[in-house]
Structure formats: structure tokens, C-alpha cells
Amino acid sequence: MNATVRLARAEFRKLFTTRAVPLSTAIAAVVTVASVLIDAAVAGKPGQHALGSTLETYAMLKIGVVAVVVMLILGILAAGGEFRHRTIVPTLLATPQRARVFAVKVAVIALFGAVFGAVIFGLGLGTVTGVLAAHGIHYLPAEVGRMYIGTVIASACFGMIGVALGALTRNTVGAIVAAIAWALFVEEITLNTVAPSLEKWLPVGASTGLTNPPGPGVLAPVTAGAILAGYAVVMLVAASRTTIRRDVG
Amino acid sequence: MSVISVSHLTKRYGQVLAVDDLSFDVHPGKVTGFLGPNGAGKTTTLRILLGLADPTAGSATIGGVEYRRLPDPLRQVGAALDSDTFHPGRSATQHLKVIAAAAGIPHRRVGEVLDQVGLANAAGRRVGGYSLGMRQRLSLAGALLGDPGVLILDEPLNGLDPEGIRWMRGLLRSLAAEGRTVLVSSHLLTEVAQTVDEVVVLAKGRLIAETTLAELAGHSSVTRARTTDATRLADVLLAAGIKVRLVDGTTVEARGTDADAVGLAAAGAGLPILELSRHDEDLETLFFDLVNDKQEVAA
């Protein structure tokens, strides 16, 4: 068995032997289903679109963000946790080729992120379909498939961005706080108010071009995917350089 | 033939010189103690040896090869750098299986090494609940996983209870008896004196002594002589090439010699010997003197 395959098995084993993955999957699943059900419950009320309308179904399916946020955190934990718990020492003793360790970790998180995005969006979509069917509606708007694929890609990208942040900061708590502060205060509150046209070009803004239905202030999916992948690549290059160079121990 | 070879190794962190032109060799079939007070540069040296840190200058190799270039590192070198390199949420078995997966070591070895270090009964428990002694055993299990010919252990006796220390000593001796190269660091000489064959002593990043324990112990022999004029006796002994220390006006202590030599030198100078005794200084005092530049031991 070649070294890369062995490393990938070790990385998957790391993912599935702590509580982070089952816990965050459970939380993401509950939040997703609850969000869809709450949207369905208020549909048709004053100021809300009617259940079964294209706009309402899109609103119910704006759930990609859940998978994206969870994957960002899991990515940070996967890389930053190695330094926090100092498991980086046995990791590098077993595989001293740091570039390979980093690349495999990124690939494993990206793959896991894609599956995670698919599962969470699938769960949301299943809930939406069930709710609509219960009301005799058997129709989904055209962009749903594209939002599904967009969520899969955005989750993989944010998993990779998380790995980069965890490796750069070597501090899980600091990286998670910084990432959430960036998303909430820098992108959502400040830029959205000061320079709304700029926000869609930043990581969280770009991700909405993938996970959300088309609309004003949202990038076209292909552009959004390219921008997000670009951010991930730049951050991963910076993180891999420091991971390879810096002393450990 | 040496297995571990450190040559002119230097490591600088900003203004601090952690390791300063350090050279020594470690041989197979023996337990070598890597000794020095806290902050002497032991762990830094081991980290460089294991490819976790880069040297500023010099080299550290295992079997003539840098750790990072070893084709199958865990089957050649087993290392336990400290007792806290575990995810607290994983069990001992899970922790070792992760390492085994990465190194391509069969999973049956996990059970074997856990048994070997006496953790079989706690194998399924989360490591977060382990005592320091149990973590030390788990670190050692990780080092033994690949059944390597070289073992590098940083302070492996820390946190062990007396029974654990006795067990660890026996294990280290038996590993060396199997022909393996065993390098064990410690800041306490007495802790490893019963275990090591050779010692490499380090202080302030520099090599102080590289010798056998027997030779080091030979230097701990002190001959005490009481006479009428200690100052004169000290001069006579010094002239004879014997290291001496003046205790008071009537007593001198000579080191690295025997009572015959002191007695004869005194007689030759016409000084009466009122009392002559020999005793062994404890190894810890000798170690302390060594690292404080009070004494030199030939390499």
C-alpha cells in the first residue's frame, strides 16, 4: 500500500475517532431540519411567500451555509487540533514528509466536506420535499440542483480554508473566533453596510453565489466557485509553506 | 559503529543559543543516558535528530541518514518525546491505530505494544482521563509500535511511580540487550544511573562529558586526608598531578586517585598522615559539579 493511501486512511481515522464529527453532524442536521420546518411554518403569513412558490422553496433551501460553517470549523479543528493537542509530533514522526502530510489532510477534508455538504443539503432537500408533498405540492424550482452542487463545492472549499487557517494559526480557538468574527463583523455587518458591492467578492460572500439561488448582489455560480477556490488555494499555499518550514515540538 | 551521530550541531533561537557545536555518538546494544539540567538543550537536540526542528548548523543522523530521509521511519526509530501528544478524546487503541495506519504497521501490533507497556486493561479508555504515568506508558507504546532498532526517549521516567520506574529500567535494559540502540534523556543522573551504560552530559547546549558510566563513577571516588599542614599537602599532591580540594586547615580531598598515592606523596614530603579515608561521592553531586564547570572528565 503506498504512503499516500496509508496517510489518507490515518487522516480519515483521525476524523472519525473524536467527538467533533458526530457532534457537528448532529448539530448541522438538527439546524437544517429546524430551519426548513420554521420556514415552512411561517410560509404564507403576511410578508412571507406562499408555500410551494419558487421564492419560498428557495428560501427554505438556503441551508448550504450550515454545511459551510460546520466544515470551516471541522477544517480548523483537523489542522489546528494537531498543534493544540500536539498530535503533530506522532504525525510527523510517522511521516516526516510534511508537504505530503499537509496535502493529504487537505484532500481528505475536501472530500469529507463534499460528502458532508451533500448529506446536509440532501437532508434539507428531503425535508422540503416532504413538507411540500404533505401539502400536495410536487414541484421543485429549476435552480435546486445547482444549489445542491454549489453547497457540495462550497463545503469542500471551506473545509480546505479551515485547514489553512488551523495550520497558519496553530490555535483552534483563536482561528474559529477569528473566522466567525470575519464572517459576521467584517463581511456581513461592516462591508454589507459600507461597500455592499464588494462583499460578494470576499470568501463568505462568494460562497452565497454557490449555495443560494441567483439574485441581486450574488455572483454567478461559476465565478463564485472560481473566486472561492482561488481563496482556498492562496491560503493553502501560505499554510503549506509555514507548515513545511516551522519547527514542531 | 555508532548508530546515532550528532556532529557540530548548533541551534539558535534569536539571541539564545540552545545547542552549541554539539557532537556525540550513540552505540547499539547499550543504553545511553543523555543528561543535563533542564534547559541544557537535550529536547532541542532530540527534536532536531527526529526531524521536527531544523538545525542552524551541523547535522544529526540515524544510521548515517537524516530522520526525514528515512524510508520507513517508525520501523527504524521509535521515539517518545513527551507524555502529552495525544488527543484527549481518543482511546489509547485509537491513538496507536492512527499511527499504525500512517506507518503501514499491522493493527495487531497495537494490542501487542499496549500489552507490553501494561495498558491492555485501559486500552479503550479516553486518554484525557489517563494519569501522567499511563501517558508515559502510552508514549512508549507508540515508540515500540514499529519494533524499531533505535529508541529515543525523552525523560521516560517522569511521572512513573517506583514500580513503574523499576519496570521501565528493566524494559530499557532488555531492549538494549536485544542489540537495539537506546538513548534516554534525563535531568537526574541518579534516575538513570542503574540503567545506562554510557552517558552524554550536556550543559548550556555544550557537551560536558561523553563517557561510560563506570568511568564517570571512577571520578566520584574521593580520598580524604588529615594532616598537620593541609596547604602543604595540597601543593605536594597538585605537584604529583592529583586533583585536590582544600577542606580546612588540616584536611584535603583528592579526587580520581587512591589512598596509596596520597599516603606515599605525604610520606615523601615528610608530612604525617593523621587520618586517611576513601569514600564515593554520590553521582548526583558529581553530575552537578560537571555541569557547573567544576570538574573535567576526559572524553
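Residues numbered from 1 in each chain as written. Chains lettered and ligands numbered in written order. Predicted model: local features only at pLDDT ≥ 70, side-chain atom pairs only at ≥ 80, totals over all residues.

Novice: Can you help me understand the overall build of chain B in this one?
Specialist: Assigned secondary structure in chain B consists of 11 helices and 13 strands. Dimensions of chain B, computed from C-alpha atoms along their principal axes, come out at roughly 75 × 40 × 35 Å. Expressed as a percentage of the 299 residues in chain B, the buried residues total 46%. Across chain B, the fraction of contacts at a sequence separation of at least 24, relative to all contacts at a separation of at least 6, is 67%. (Helix = DSSP H or I, 4+ residues; strand = E, 2+ residues; numbered from the N terminus. Buried ≥ 20, exposed ≤ 12 C-beta atoms within 10 Å, placed from the backbone. Contact = placed C-beta atoms within 7 Å.)

Novice: Explanation requested: the packing of helix 3 (residues 92–103) of chain B against helix 4 (residues 108–116) of chain B in the structure shown.
Specialist: A pair of packed helices is captured by two measures, namely the crossing angle of their axes and the spacing between those axes. Residues and elements named next belong to chain B. For the pair helix 3 and helix 4, the least separation of the axes is 9 Å and the interaxial angle reads 130 degrees. Considering their axes alone, helix 3 and helix 4 lie oblique with respect to each other. Note that helix 3 runs across helix 4; the crossing there is right-handed. Together, Ala92, Thr93, Leu96, Lys97 and Ala100 of helix 3 and Arg109, Val110, Val113 and Leu114 of helix 4 make up the contact between the two elements. Its residues assigned to classes, the contact of helix 3 with helix 4 comprises 6 nonpolar, 1 polar and 2 charged. (Axes fitted to C-alpha atoms, helices over the stretch in contact; angles between N-to-C directions. Parallel < 35°, antiparallel > 145°, perpendicular 65-115°, else oblique. Left-handed = near helix turned anticlockwise from the far one by under 90°. Nonpolar A, V, L, I, M, F, W, Y, C, P; charged D, E, K, R; others polar.)

Novice: Hey, could you run me through the interface of chain A and chain B in this one?
Specialist: Interfaces are frequently sized by the accessible area removed from exposure as the parts join. Across the boundary between the two partners, chain A contributes 24 residues, which contact 28 residues of chain B. Of all the secondary-structure elements, those providing two or more residues to the side of chain A that touches chain B are helix 1 (3–16) and helix 5 (88–94) of chain A. Sorting elements by how many residues they give to the side of chain A that touches chain B places helix 1 of chain A first, with 6 residues. Considering only residue class, the side of chain A that touches chain B consists of 10 nonpolar, 7 polar and 7 charged.

Novice: Just checking my understanding: could you explain the sheet that holds strand 4 (residues 57–62) of chain B for this structure?
Specialist: Strands pair in a sheet through their backbones, by hydrogen bonds, and they do so in one of two ways: parallel or antiparallel. All names here are of chain B. An order of 2-1-4 is seen for the 3 strands of this open sheet, with the pairing classed as antiparallel. Pairing within the sheet leaves two strands with one partner each, and these edge strands are strand 2 (16–26) and strand 4. For this sheet, the mean inter-axis angle between neighbouring strands, taken without regard to orientation, is 20 degrees. Here 5 bridges tie strand 1 (residues 4–13) to strand 4, and the two strands are oriented antiparallel to one another. By the bridge assignment for strand 4, Thr10 is matched with Ala57. Of the strands in this sheet, strand 1, strand 2 and strand 4 are in contact with helix 1 (residues 42–49), which crosses strand 1 at around 115 degrees. (Pairing = 2+ DSSP bridges.)

Novice: Explain the environment of His187(B) to me, please; I cannot follow it from the model alone.
Specialist: Residue and element names in this part refer to chain B. Within the fold, His187 resides in the loop between strand 7 (181–186) and helix 7 (189–193). For His187, a count of 17 C-beta atoms within 10 Å gives the class partly exposed. Separated by 100 residues in sequence, His187 and Phe287 place their C-alpha atoms 9.7 Å apart.

Novice: Help me understand the nonpolar core, please; the structure alone is not making it clear to me.
Specialist: Here is a general trend for soluble globular proteins: nonpolar side chains tend to be buried in one another's company. Counting residues in hydrophobic clusters, the biggest one holds 149 residues, and the most contacted among them are Met160(A), Ala141(B) and Ile152(B). In terms of residue count, the dominant contributor to this core is helix 6 (residues 98–134) of chain A (16 residues). If sequence neighbours within four positions are ignored, Ala141(B) has contacts with Leu96(B), Val113(B), Leu114(B), Val117(B) and Leu119(B). The next biggest cluster of nonpolar side chains, apart from the first, holds 12 residues, and it includes Leu233(B), Ala234(B), Val236(B) and Ala265(B). (Core = buried A, V, L, I, M, F, W, Y, C linked by C-beta atoms within 7 Å.)

Novice: Please explain unusual backbone geometry as it appears in this structure.
Specialist: For residues that are not glycine, phi is negative in most cases, and the peptide bond is trans in most cases. Residue and element names in this part refer to chain B. Unlike most non-glycine residues, Asp21 shows phi in positive territory, near 50 degrees. When you line up the elements, Asp21 lands in strand 2. For Asp21, a count of 14 C-beta atoms within 10 Å puts it in the partly exposed group. Backbone geometry places Lys204, a non-glycine residue, at a positive phi of 50 degrees. Relative to the helices and strands, Lys204 is located in the loop between strand 8 (198–203) and strand 9 (206–212).

Novice: Could you clarify how one ought to interpret the pairing of strand 12 (residues 251–255) of chain B in this entry?
Specialist: Residue and element names in this part refer to chain B. Burial along strand 12 is one-sided: Val252 and Ala254 are buried, while Thr251, Glu253 and Arg255, pointing the other way, are not. Looking at chain direction, strand 10 (residues 221–227) and strand 12 are connected through 5 bridges and run antiparallel. Looking at the pairing, Ala225 lines up with Val252 of strand 12. Pairing between strand 11 (residues 243–246) and strand 12: 4 bridges, direction antiparallel.

Novice: Honestly, the sheet that holds strand 10 of chain B in this entry has me stumped. Any pointers?
Specialist: Residue and element names in this part refer to chain B. Strand order across the open sheet formed by 4 strands is 11-12-10-13, with antiparallel pairing between neighbours. Both edges of this open sheet fall to strand 11 and strand 13 (273–280), since each of them pairs with a single strand only. Here the strands of the sheet are splayed against their neighbours by 20 degrees on average, with no regard to which way each runs.

Novice: Can you walk me through the environment of Val152(A) in this structure?
Specialist: Residue and element names in this part refer to chain A. Summarising the element assignment, Val152 is placed in helix 7 (residues 144–169). Put simply, Val152 and Leu219 are 67 residues apart on the chain and 17 Å apart in space, counted from C-alpha to C-alpha. Leaving out residues up to four positions away in the same chain, Val152 has contacts with Ala114, Gly117 and Ala118.

Novice: What exactly am I supposed to notice about the domain arrangement of chain B here?
Specialist: When its domains are assigned, chain B resolves into domain 1 (4–213) and domain 2 (221–280). The C-alpha-based centres of domain 1 of chain B and domain 2 of chain B are spaced at 44 Å. (Domains from an automatic or database assignment.)

Novice: How should I be thinking about the pairing of strand 9 of chain B in this particular structure?
Specialist: Looking down a regular strand, the side chains alternate between one sheet face and the other. Residues and elements named next belong to chain B. Relative to strand 9, strand 8 runs antiparallel, the two sharing 6 bridges. Within the sheet, the bridge partner assigned to Val201 lies in strand 9 and is Ala209. In this structure, the hairpin formed by strand 8 and strand 9 is closed by a connection of 2 residues, where Lys204 is found at a positive phi of approximately 50 degrees.

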